[in-house]
Amino acid sequence: MPIVNRVADLQPDIQAWRRDIHEHPELLYDVHRTAGFVADRLKEFGCDEIVTGLGKTGVVGVIKGKKPASGDIKVIGLRADMDALPVQEATGLPYASKTPGMMHACGHDGHTAMLLGAARYLAETRNFAGDAVVIFQPAEEGGAGAQAMIKDGLMERFKIDQVYGMHNGPGLPVGSFAIRPGPLMAATDSIDIIIEGRGGHAAQPHKCIDSLLVGAQLVTVLQQIVGRNVDPLESAVISICEFHAGNARNVIPQTATLRGTVRTLTPKVRELVEKRVREVVAGTAQITGAKIDLTYTRGYPVTLNHAEQTEVALRAARDVAGEANVHEMPPMMGAEDFSYMLEARPGAFIFCGNGDSAGLHHPAYNFNDEAIVYGTSYFIKIVENTLAA
Ligand code: NI
């Protein structure tokens, strides 16, 4: 029976799991119920090995093919993320979040359910040679759960050779996929600036160091890094999104704070932007006489798809969706902590069409259950193609 047909049989179960997870969102590493749910299902499917508590609350299942691996590639890792977001749900769905202020607004409920579906199929058929390792990680939304699992020995312990991940894509038609080799999603770094000036009377600016004016200068000059330091054929974003200063119209504020984010697509541009931000801050302090404290924190690295594994992903996607429904996409300036897995092992990350839904992280967003057959089948195809029995 073709994979898609069998997965269509499994669809109602996968959808039910998805909706159950949707109803019970959990944040970051605190995904105890979801991880328990995942581990229970993996046990039911008859996985050969189930490990919990990797990277605090991550879960891993090992499914052995009917034959031992014969080629160089012996173990394929498939990854889903389990965490939700601190967003108040506004979908009005019958299975909407039961926890106020939390919802699955990024579709990780769907990712988890689809990977469970693939695990069930793979454990049932075992039509491959080698091991399929299903990885369910916590804390994708800013907590670097993928890195925590890697630090706990994920890759070595399960001898993972290659790793594949997926995200749903709002705006991409259901039944289609999008991917590109090389940089797919941005590195994300954060900027925290505290400006210490000298407060005083609004009518006596010459006796003050106006922290608000210093902040305004910084916001402007930081944009010149993108406009005048970064090669126009490269990509970078600096967004200062918080600016706090002052609380009276006739008082020059003593302090101002700025917070923002930096997005880049190559290590070289990432280095350049960090260096220039540091220089701009130091220079502004010198010009203005303010004391400026900068904390520049590196976050998720660039999500870099490996060329050969992108071909593997393309083939699997085409097998599932047909050639016409698999597209090359431009890079996005959002970030993904699957980037850590791609630093540790060759692999690829792909987008699976979620149709005309609200955008990711929007209160009206919902994962599209129509996409289940495609996403689940894609994971299965990766294993059966790469570890052909
Ligand atoms: Ni997400």
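Residues numbered from 1 in each chain as written. Predicted model: local features only at pLDDT ≥ 70, side-chain atom pairs only at ≥ 80, totals over all residues. Heavy atoms only, no water.

Caption draft 1: A look at the environment of Thr220. Looking at the element boundaries, Thr220 is found in helix 6 (residues 211-229). A residue is classified by how much of its surface remains accessible, and Thr220, at 49% relative accessible area, is partly exposed. C-alpha separation for the pair Thr220 and Ile240, spaced 20 residues apart in sequence, amounts to 9.7 Å. (Helix = DSSP H or I, 4+ residues; strand = E, 2+ residues; numbered from the N terminus. Buried < 20%, exposed > 50% of the residue type's maximum accessible area, 1.4 Å probe, protein only.)

Caption draft 2: Structural detail: the sheet that holds strand 10 (residues 236-245). If you trace the four strands from one edge of the open sheet to the other, you get 10-12-8-13, paired in antiparallel fashion. Strands at the two margins of the open sheet, each flanked by one partner only, are strand 10 and strand 13 (291-298). Averaged over neighbouring strand pairs, the angle between their axes works out to 15° when direction is ignored. Relative to strand 13, strand 8 (residues 187-196) runs antiparallel, the two sharing eight bridges. Pairing of Ser190 across the sheet is with Thr297, part of strand 13. Helix-sheet contacts for helix 6 involve strand 8, strand 10, strand 12 (255-264) and strand 13, and the interaxial angle to strand 10 is about 175°. Packed on one face of the sheet, helix 7 (residues 267-288) meets strand 8, strand 10, strand 12 and strand 13 and runs near 170° to strand 13. (Pairing = 2+ DSSP bridges. Axes fitted to C-alpha atoms, helices over the stretch in contact; angles between N-to-C directions. Contact = heavy atoms within 4.5 Å.)

Caption draft 3: Up close: the coordination of the nickel ion. The nickel ion binds to the protein through Cys106 (SG), His108 (NE2) and His167 (NE2); the donor distances cover 2.1 to 2.3 Å. All donors to the nickel ion come from one chain, and their sequence spacing reads C-x1-H-x58-H. Its relative accessible area of 5% is what places Cys106 among the buried residues. Classification of His108 as buried rests on a relative accessible area of 0%. (Donors = N, O, S within 2.8 Å, 3.2 Å for Na, K, Ca; no water.)

Caption draft 4: Representation of the packing of aromatic side chains in the model. On inspection of all chains with the given rule, the structure shows six aromatic pairs. A ring pair is formed by Phe177 and Tyr378, whose centres lie 5.4 Å apart and whose planes are at 35°; its orientation type is tilted. Note that Phe177 is positioned in strand 6 (residues 177-179) and Tyr378 in helix 10 (residues 372-386), a separation of 201 residues in sequence. By relative accessible area, which is 0% here, Phe177 ends up buried. What makes Tyr378 buried here is its relative accessible area of 0%. Put simply, the rings of Phe177, Tyr378 and Phe379 touch in pairs and so form one group of aromatic residues. (Phe/Tyr/Trp six-rings, centres within 6.5 Å; stacked < 30°, edge-to-face > 60°.)

Caption draft 5: Representation of unusual backbone geometry within the structure. The backbone of Arg126 sits at a positive phi, close to 50°, despite the residue not being glycine. Relative to the helices and strands, Arg126 resides in the loop between helix 3 (108-125) and strand 4 (131-137). Classification of Arg126 by relative accessible area gives buried; the value is 17%. Residues other than glycine seldom take positive phi values, yet Ala144 does so here, at roughly 55°. Along the chain, Ala144 falls in the loop between strand 4 and helix 4 (145-151). On the accessibility criterion, Ala144 (12% relative accessible area) is buried.

Caption draft 6: Region of interest: the domain arrangement of the chain. With domains assigned, the chain is organised as domain 1 (3-185 + 302-386) and domain 2 (187-298). Each of domain 1 and domain 2 has a C-alpha centre, and the two are 38 Å apart. Counting from both sides, the interface comprises eight residues of domain 1 and, opposite them, nine residues of domain 2. Summed over both sides, the interface between domain 1 and domain 2 buries roughly 650 Å², with carbon and sulfur atoms accounting for 75% of that surface. Along the contact surface separating domain 1 from domain 2 lie zero salt bridges. Inspection of the domain 1/domain 2 interface yields one residue pair in polar contact (both at pLDDT 80 or more). Looking at the side of domain 1 that touches domain 2 residue by residue, the classes come out as seven nonpolar, one polar and no charged. (Domains from an automatic or database assignment. Buried area = accessible area lost by both parts, 1.4 Å probe. Salt bridge = Lys/Arg side-chain N within 4 Å of Asp/Glu carboxyl O. Polar contact = N/O pair within 3.5 Å; in protein donor to acceptor, adjacent residues only side chain to side chain. Nonpolar A, V, L, I, M, F, W, Y, C, P; charged D, E, K, R; others polar.)

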